[in-house]
Amino acid sequence: MLVGLLALTVTAAFAGAAIYVSVAEQPARLRLDDRALLQEWQPAYKRGAAMQASIAVVACVLGVVAWWQTGSLAYLLAAVLIILPWPWTLIAMMPTNRLLEAMDAAAVNPQARALIVKWGNLHLVRVMLGVLAALAFLWGSV
């Protein structure tokens, strides 16, 4: 089923990007001093959020189409899993995001490091959801 494979591919891109943030970008940014840390996080988050959110929506729509065409509950499960980072971000992560976005990146913000560490831990849920969604799409595709 072509739509299911396309959904799997898009979801794998989401999961891969989320994994990259957790295993490469976040550890690298945490090696920066406090001012540079926030200066890096703010634009990286803005760009990453737009990319990840768009990918999740596309994958969800493709998953719903694949489910509608095949009736496979694996596709429906995957579509739900790949869209769950949206409410997770809005409910659990947004308070931390807003605090970090409101900080003046040109000033030293002693609480920025702790908030970025917290953000990284919260981001791991998005990683997990992306990986689980990819596995569900894979299951639906076999």
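Residues take numbers from 1 onward in each chain, read along the sequence in its written order. Given that this is a predicted model, residues contribute local features only at a pLDDT of at least 70 and side-chain atom pairs are listed and counted only at 80 or more, while totals for whole chains, interfaces and linings are drawn from all residues. Excluding hydrogens and water, the side-chain figures rest on all heavy atoms present in the structure.

Draft legend 1. Layout of the UniProt feature "transmembrane region" (unreviewed entry) in the protein chain. UniProt positions are given in the numbering used here, feature names are shortened, and annotations may be inferred rather than shown by experiment. Per the UniProt record, "transmembrane region" (unreviewed entry) is annotated on residues 48-68, 75-94 and 123-140. From the first C-alpha to the last, residues 48-68 spans 30 Å; its make-up is 100% helix and 0% strand. For the purposes of this entry, the term helix denotes a DSSP run of H or I that reaches at least four residues, the term strand denotes a run of E that reaches at least two, and both are numbered from the N terminus. Between the end C-alpha atoms of residues 123-140 there is a gap of 26 Å, over a span that is 100% helix and 0% strand.

Draft legend 2. Main features of the environment of alanine 114. As for its placement among the helices and strands, alanine 114 is situated in helix H5 (residues 112-141). Exposure classes here rest on a 1.4 Å probe applied to the protein chains alone. A residue is buried below 20% of its type maximum, exposed above 50%, and partly exposed in between. A relative accessible area of 55% means that alanine 114 is categorised as exposed. Separated by 54 residues in the primary sequence, alanine 114 and cysteine 60 place their C-alpha atoms 33 Å from one another.

Draft legend 3. Representation of a nonpolar patch on the surface within the structure. Taken together, the side chains of Ile19, Val23, Leu77, Met128, Val131, Leu132, Leu135, Leu138, Trp139 and Val142 define a hydrophobic patch exposed on the protein surface, amounting to about 960 Å² of accessible area. Residue assignment for the nonpolar patch shows that the elements contributing at least two residues are helix H1 (2-29) and H5. It is H5 that contributes the most residues to the nonpolar patch, six residues altogether. Along the polypeptide, valine 23 turns up in helix H1. Like charges within 9 Å and nonpolar side chains (Val, Leu, Ile, Met, Phe, Trp, Tyr) within 5 Å are joined into patches, using only residues over 30% in relative accessible area that form no salt bridge. Note on areas: these come from Shrake-Rupley sampling with a 1.4 Å probe, and a residue is covered only by the protein chains present in the view. By salt bridge we mean one thing: a side-chain nitrogen of Lys or Arg within 4 Å of a carboxyl oxygen of Asp or Glu.

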